[in-house]
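# Remarks on the overall topology
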Number of protein chains: 4
Amino acid sequence: MNTAILLISCPDRKGITAAVTNFIYQHNGNIEHADQHIDGQANIFFMRIEWSLKDFTLAKSEITNSFSHLARKFRMNYTLYFSQDTSRMSIFVSKATHCLYDLLLKFKEKQLPCQIPLIISNHTDARRIAADFRIKFFLSPKNRKNKLSAEKKELQILAKEKIGFIALARYGQIFSRQFVKTYYNRMINIHHSFLPAFIGFNPYQQAYSRGVKIIGATSHYVTENLDAGPIIEQDIVRISHRDSLNDLKFKGQDLERTVLSRAVRWHLEHKILVYGNKTVVFD
Amino acid sequence: MNTAILLISCPDRKGITAAVTNFIYQHNGNIEHADQHIDGQANIFFMRIEWSLKDFTLAKSEITNSFSHLARKFRMNYTLYFSQDTSRMSIFVSKATHCLYDLLLKFKEKQLPCQIPLIISNHTDARRIAADFRIKFFLSPKNRKNKLSAEKKELQILAKEKIGFIALARYGQIFSRQFVKTYYNRMINIHHSFLPAFIGFNPYQQAYSRGVKIIGATSHYVTENLDAGPIIEQDIVRISHRDSLNDLKFKGQDLERTVLSRAVRWHLEHKILVYGNKTVVFD
Amino acid sequence: MNTAILLISCPDRKGITAAVTNFIYQHNGNIEHADQHIDGQANIFFMRIEWSLKDFTLAKSEITNSFSHLARKFRMNYTLYFSQDTSRMSIFVSKATHCLYDLLLKFKEKQLPCQIPLIISNHTDARRIAADFRIKFFLSPKNRKNKLSAEKKELQILAKEKIGFIALARYGQIFSRQFVKTYYNRMINIHHSFLPAFIGFNPYQQAYSRGVKIIGATSHYVTENLDAGPIIEQDIVRISHRDSLNDLKFKGQDLERTVLSRAVRWHLEHKILVYGNKTVVFD
Amino acid sequence: MNTAILLISCPDRKGITAAVTNFIYQHNGNIEHADQHIDGQANIFFMRIEWSLKDFTLAKSEITNSFSHLARKFRMNYTLYFSQDTSRMSIFVSKATHCLYDLLLKFKEKQLPCQIPLIISNHTDARRIAADFRIKFFLSPKNRKNKLSAEKKELQILAKEKIGFIALARYGQIFSRQFVKTYYNRMINIHHSFLPAFIGFNPYQQAYSRGVKIIGATSHYVTENLDAGPIIEQDIVRISHRDSLNDLKFKGQDLERTVLSRAVRWHLEHKILVYGNKTVVFD
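Residues numbered from 1 in each chain as written. Chains lettered and ligands numbered in written order. Predicted model: local features only at pLDDT ≥ 70, side-chain atom pairs only at ≥ 80, totals over all residues. Heavy atoms only, no water.

### Thoughts on the overall build of chain A
- For chain A, the count of helices and strands is eight helices and 13 strands.
- A compact globule built from 283 residues should have a C-alpha radius of gyration of about 19 Å, and chain A, at 21 Å, falls within 12% of that.
- Oriented by its inertia axes, the alpha-carbon framework of chain A measures out at about 60 × 40 × 35 Å.
- Put simply, chain A has 283 residues, and 63% of those count as buried.
- A separation threshold of at least 6 residues defines the contact pool for chain A, and within that pool the share at least 24 residues apart is 66%.
- Accessible area of chain A: about 11400 Å², with a carbon and sulfur share of 49%.
- One finds the centroid of the 40 positive side-chain charges in chain A at a distance of 6 Å from the centroid of its 25 negative side-chain charges. (Helix = DSSP H or I, 4+ residues; strand = E, 2+ residues; numbered from the N terminus. Rg over C-alpha atoms; globule rule 2.2 N^0.38 Å. Buried < 20%, exposed > 50% of the residue type's maximum accessible area, 1.4 Å probe, protein only. Contact = heavy atoms within 4.5 Å. Areas by Shrake-Rupley, 256 points an atom, 1.4 Å probe, with all protein chains shown as cover. Lys, Arg positive; Asp, Glu negative; His and termini not counted. Charge placed at Lys NZ, Arg CZ, Asp CG, Glu CD.)

### Overview of the sheet that holds strand β11 (residues 231-238) of chain D
Residues and elements named next belong to chain D.
- The seven strands lie next to each other as β7-β6-β5-β8-β9-β10-β11, forming an open sheet whose pairing is mixed. Bordering the open sheet on either side are β7 (136-139) and β11, each of which pairs with just one other strand. Taken over all neighbouring pairs, the strand axes of this sheet differ in orientation by 20° on average, direction set aside.
- Bridging between strand β5 (residues 87-93) and strand β6 (residues 114-121) involves six bridges; their strand directions are parallel. From the neighbouring strand, Arg88 faces β6, where its bridge partner is Gln115.
- Along the sheet, helix α3 (residues 98-108) contacts β5, β6, β8 (165-168) and β9 (187-191); its crossing angle with β6, the most-contacted strand, is approximately 160°. (Pairing = 2+ DSSP bridges. Axes fitted to C-alpha atoms, helices over the stretch in contact; angles between N-to-C directions.)

### A word on the interface of chain B and chain A
- Tallying the contact residues gives 36 residues for chain B and 36 residues for chain A.
- Between chain B and chain A, a total of about 3000 Å² is buried, with carbon and sulfur atoms accounting for 49% of that surface.
- Three residues stand out in chain B for area buried against chain A, namely Arg210(B), Lys213(B) and His241(B), and they jointly supply 23% of the buried area on that side.
- In this structure, the connection of chain B to chain A is made through six salt bridges.
- Measuring nitrogen to oxygen at the nearest pair gives 3.9 Å for the salt bridge that ties Asp235(B) to Arg238(A).
- The interface formed by chain B and chain A holds 20 residue pairs in polar contact (both at pLDDT 80 or more) in total.
- Elements supplying a minimum of two residues to the side of chain B that touches chain A: β2 (30-39), α7 (203-210), β11 (231-238) and β13 (278-281) of chain B.
- Looking at the side of chain B that touches chain A element by element, the count peaks at seven residues for β11(B). (Buried area = accessible area lost by both parts, 1.4 Å probe. Salt bridge = Lys/Arg side-chain N within 4 Å of Asp/Glu carboxyl O. Polar contact = N/O pair within 3.5 Å; in protein donor to acceptor, adjacent residues only side chain to side chain.)

### Points about the pairing of strand β2 (residues 30-39) of chain D
Residue and element names in this part refer to chain D.
- Burial runs high along β2: eight of the ten residues are buried.
- Direction of pairing for β2 relative to strand β3 (residues 44-52): antiparallel, over a ladder of nine bridges. Within β3, the position partnered with His37 by the bridge is Phe46.
- Where β2 hands over to β3, the hairpin turn is made up of four residues, of which Asn43 adopts a positive phi near 60°.

### Digging into the packing of aromatic side chains
- Under the counting rule described, the total for this entry stands at 52 aromatic pairs over all chains.
- Consider the rings of Phe175(C) and Phe179(C), whose centres lie 4.2 Å apart with planes at 20°: the pair is stacked.
- Here the basic side chain of Lys60(A) rests over the ring of Phe82(A), its NZ or CZ set 4.9 Å away from the ring centre.
- It is Lys106(D) that lies over the ring of Phe250(A); its NZ or CZ is 5.5 Å from the centre. (Phe/Tyr/Trp six-rings, centres within 6.5 Å; stacked < 30°, edge-to-face > 60°. Lys NZ or Arg CZ within 6 Å of the ring centre and 35° of its normal.)

### A closer look at the relation of the copies chain B and chain D
- Once chain B has been moved 0.0 Å along the axis and rotated by 180°, it coincides with chain D to within an RMSD of 0.0 Å. Interpreted geometrically, this transformation is the action of a two-fold axis.
- Comparing contact sets, 100% of the residues at the interface of chain B also lie at the interface in chain D, consistent with an isologous, same-surface contact. (Least-squares fit on C-alpha atoms with pLDDT ≥ 70 in both.)

### Brief notes about the interface of chain B and chain D
- Contacts between the two partners involve 20 residues from chain B and, on the opposite side, 20 residues from chain D.
- Each partner contributes to the roughly 1700 Å² buried at the junction of chain B and chain D, and carbon and sulfur atoms together form 49% of this total.
- Across the chain B-chain D interface, the total number found is two salt bridges.
- A salt bridge links Lys14(B) to Asp55(D), with the shortest nitrogen-to-oxygen separation between them at 3.8 Å.
- With seven residues, β2(B) is the single largest residue contributor to the side of chain B that touches chain D.
- Classifying every residue of the side of chain B that touches chain D by side-chain character gives five nonpolar, eight polar and seven charged. (Nonpolar A, V, L, I, M, F, W, Y, C, P; charged D, E, K, R; others polar.)

### Quick notes on the state of the cysteines
Residues and elements named next belong to chain D.
- Inspection of the entire model under this criterion finds zero disulfides over all chains.
- Cys114 carries a free sulfur, and the closest cysteine sulfur to it, the one in Cys99, is 15 Å from it.
- Assessed through its relative accessible area of 8%, Cys114 is described here as buried. (Disulfide = S-S within 2.5 Å.)

### Things to note about the relation of the copies chain B and chain A
- The transformation that overlays chain B on chain A combines an axial shift of 0.0 Å with a rotation of 180°, and the residual RMSD is 0.0 Å.
- Same-surface contact between copies: 100% of interface residues of chain B are shared with the interface of chain A.

### Observations concerning the pattern of salt bridges
- Throughout the structure, instances matching the rule amount to 88 salt bridges over all chains.
- Measuring nitrogen to oxygen at the nearest pair gives 2.9 Å for the salt bridge that ties Glu256(B) to Arg170(B). Of this pair, Glu256(B) sits in helix α8 (residues 245-268) while Arg170(B) sits in the loop between β8 (165-168) and α6 (177-182), and the two are 86 residues apart along the sequence.
- Given a relative accessible area of 0%, Glu256(B) falls into the buried group.
- Overlapping salt bridges bring together Asp102(A), Lys106(A), Asp254(D) and Arg257(D) as one network.

### Here we look at the packing of helix α1 (residues 16-26) of chain A against helix α2 (residues 60-73) of chain A
Residues and elements named next belong to chain A.
- Between α1 and α2, whose axes approach to 11 Å, the crossing angle comes to 150°. Between α1 and α2, the angle falls in the class roughly antiparallel. Crossing of α1 over α2 shows right-handed handedness. Across the interface between the two elements, Ala19, Val20 and Phe23 from α1 touch Ile63, Ser66, Phe67 and Leu70 from α2.
- Split into classes, the residues belonging to the contact of α1 with α2 amount to six nonpolar, one polar and no charged. (Parallel < 35°, antiparallel > 145°, perpendicular 65-115°, else oblique. Left-handed = near helix turned anticlockwise from the far one by under 90°.)

### A word on the sheet that holds strand β8 (residues 165-168) of chain A
Residues and elements named next belong to chain A.
- With mixed pairing, the seven strands of this open sheet are ordered in space as β7-β6-β5-β8-β9-β10-β11. The sheet is open, and its two edges are formed by β7 (136-139) and β11 (231-238), each paired on a single side. Taken over all neighbouring pairs, the strand axes of this sheet differ in orientation by 20° on average, direction set aside.
- In the sheet, β8 pairs with strand β9 (residues 187-191) via three bridges, with the strands oriented parallel. By the bridge assignment, Ala167 is partnered in β9 with Ile188.

### With respect to the environment of Leu139(C)
Residues and elements named next belong to chain C.
- Looking at where Leu139 falls in the secondary structure, it is placed in strand β7 (residues 136-139).
- Judged by relative accessible area, which is 32%, Leu139 ranks as partly exposed.
- Placed 93 residues apart in sequence, Leu139 and Ile232 show a C-alpha to C-alpha distance of 29 Å.
- Here Leu139 is in contact with Ser121, Asn122, His123, Thr124 and Arg127, once residues within four sequence places are set aside.

### Observations concerning a nonpolar patch on the surface
All names here are of chain A.
- A grouping of Ile174, Ile199 and Leu226 is seen on the molecular surface, where their side chains present a nonpolar patch of about 260 Å² in accessible area.
- Among the secondary structure elements, Ile174 is positioned in the loop between β8 and α6 (177-182).
- The partly exposed category is assigned to Ile174, whose relative accessible area is 49%. (Patch = residues over 30% accessible without salt bridge, like charges linked within 9 Å, V, L, I, M, F, W, Y side chains within 5 Å.)

### A word on the side chain of Arg262(A)
- For Arg262(A), the position within the fold is in helix α8 (residues 245-268).
- Under the relative-accessibility criterion, Arg262(A) is labelled buried at 9%.
- In this structure Arg262(A) touches Glu233(A), Asp235(A), Arg238(B), Val237(D) and Phe250(D), once residues within four positions along its chain are discounted.

### Some thoughts on helix α3 (residues 98-108) of chain C
Residues and elements named next belong to chain C.
- In terms of residue burial, α3 counts as a mostly covered element, since nine of its eleven residues are buried.
- Residues His98, Cys99, Leu100, Tyr101, Asp102, Leu103, Leu104, Leu105 and Lys106 constitute the buried set of α3.
- Just downstream of α3, Lys110 is the residue with a positive phi angle, here 60°.

What follows is the structure in structure tokens.
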């Protein structure tokens, strides 16, 4: 596969789809996937279009320039991706390693189109796993006092490794506003509740205390407000009075992995558009 | 079927189950269902036991007296029900009638063991439905000023009709503390979100604005705090960016009916035990 | 709303989307929804496109003629619909009426864009319901001997009432090949299992005997092979050893309604494309 | 925790529960969990009862003898387990390793009460994983000709390692009748469909071809008939026309792990009773 992908959003008006698809057709591109959505309330047009570069008459380096006329005309926000430019992902993890393992295994089975050169943790639990998978491990212990200096070193090594995307695989630390800004819409967290319920610390305990009959997990982009970023995916599992707090954790782990890995995969396939505090997921 | 049902809760200690089952066995009762649960954290024992009155050597009127010795010994809270004493249920409804219809249809198909002599509404929409099903309809319009006096009349007609249980089938009014107290643990509401998320007004709009990927419904006993009572049942359905606010309502309606009717059925079958703000549902 | 809808399928090749969207743009149409899908294995292109007729420069009667050049060029199968031409639906039902009620109630709440002039049944149970909703009721008892003659009369009244679409709302009779052919891809059935499991008679009994832990429902277009037509929608609910056969029916009823009404709504909104034995549902 | 567990089934009659709970009470046992079920159609009584051995006045070795009088009286099938006798489990695996990894990780996190001394495979893919987790790996390649002799060696090493329970974690080989008999009701398989649909080879391809809208996974005890043994657990995930065959596998993997590990955990906790071709799962 050798394709180009455009993610577009702009004010809705007549002729956008015709213009974009003509652009591809005129340069002899074959559309592999096209999906669009119009938010009628907000009057915004969204599009994801992917076409084969085989026989395409523009070189990769010429596409942006050639497309810019169209983009200006329709006042588009757009990003161009190439399927062969695989993203470089770093995984942050604390003590619980089930989500980390899941991403590594899916990566190994070629279900996540990326490279994973770096794992960062505030604990040592994941060190041996990183070694097993031959991935660099960076230990970055954190407390209230050293948080900003620790983040500074993290950003340095992330930059050095050219990391474009971060998955927080049950990472227990909250980032500073500055860090979040650097990876805005490029950092996905898994929260172990169906947000917006049970924000913050120990959501399984909160769920157990409230006596709910379902528990959930939510993957979302990280913003400066805790557990309040754009939601990408959610799922739930039923529980009953027979389930202890430990049972909730057992059942929840499977959810967390699934909900995080779906979101990571969609992000890496450039299938997510963020607007306001929402996502359009062209699955 | 002619059975007796005991719902029991008490501090956990040795010998409770043996004592209760011996009591039934000694009087020649055949146990049809028995379910128990121990909350290990709170050290509370819960039991639901149902036995056939065929061949039982105690008359219905003698059971409580005969059981009281045991109950005192183990410091039990308990309630005794007879399957042949069908509950008298009233349904409160406002403008949306899908939950009302669902309860009436399930009643008609003999899936809800109760009588339904009375429907109360603050609007006229359900009047004709009540007539179709030959049920008394009481119109009780409400506003801030007349609320307490309207409730007073409602309580009068409820008492007159000997109503033991109330289902709020998308009823849009909040009850006074006094009313709630009268039907404590005997009034079930359906809220159209997965509580504790989206408490209060217009939860579908809240869900749409937050950009969640699932919507839910929750049935719970009504307490004096809005949407905060013991949860009986919850369920969800997936949504996507393609779903408009109206689609959420369309999908949600099916959930609301299902989640409410399950709770109502369990209540009428005496399968729910409430403790603290939680429920044990012996389904 | 005043829109036109095109459902298109054709061999995949370059330029289809550009050609279709240009056609609409050139005649000043505003695209409201566009969705496309390519089956890469079968090399088939599918599209659903809906545009506003406000300001559209072609009259309704001119569209087909004007579009035919394009359609020939790309060897399209296509159908043109107008949102203002509401379908005329007939509902077939036997003794169980929960699906019938559900469709009628959703219709009454304007969630199904159609007219419902006719209910046909081989039993009298639904007669009063039809009267309540002021819909014509046609009693058509069937047995092995009179089947073809009964169907003949049914086809006559369906033709007289200009019925374009049939929903089988738990209808217990199997149609002849001739009848199926007349309403090919225009007749939706609800089967109370997750097909292809438990085809045929009494699927709840089959599920109970097999000891499954989930039960399901499936809506599908009717073909000449029993329960083997293109699947439109499926859903399931969990069960356990605690559920009796009657509990399966109780839980299953809610599924059946939901799974049937979703399919009916999608069909009426022209969101379903059939190819081979599969469906593309542009929800 | 130091508990005894009794799994009992017998013809239903008066006094069983009283007799069993009296037996425990008379010897000063404290019941931790008790669950019972009556299959009214088959007239069979099922019970799982777990009590603390702290303060219990019978030694472990005396319990069976002391209980046998009761067991004879009620014609019970029963098995006695002790929570401190951890099961020895072997995992069979072929090329796909996601279920193997999942069991090993849950084991490592102390969520599976067992030892895992042995992994057996007909391929070499899992060899390194076994080494990482310090578990003995036995390579047992199989073809039509050597099947019985290969099984013979497998049974020898299983016996030598005192394996009491086998999990088939996506193991691609079918066992002989003799092998199945040896581990009757002690061998759990994961099949990647919602049985009884899509029995046998390549169920994802079957599901893709049939055009279903959900895919599933089923864990079951292995019997001599392929994919026809007593079902323990099932779950599903929604798919659409957008999902390729590879997407089905991606989504299905998460299901397979979850559905297998739940069944394995229940088995190891002695929560499953098999009768006929069904299971009672006292979760």
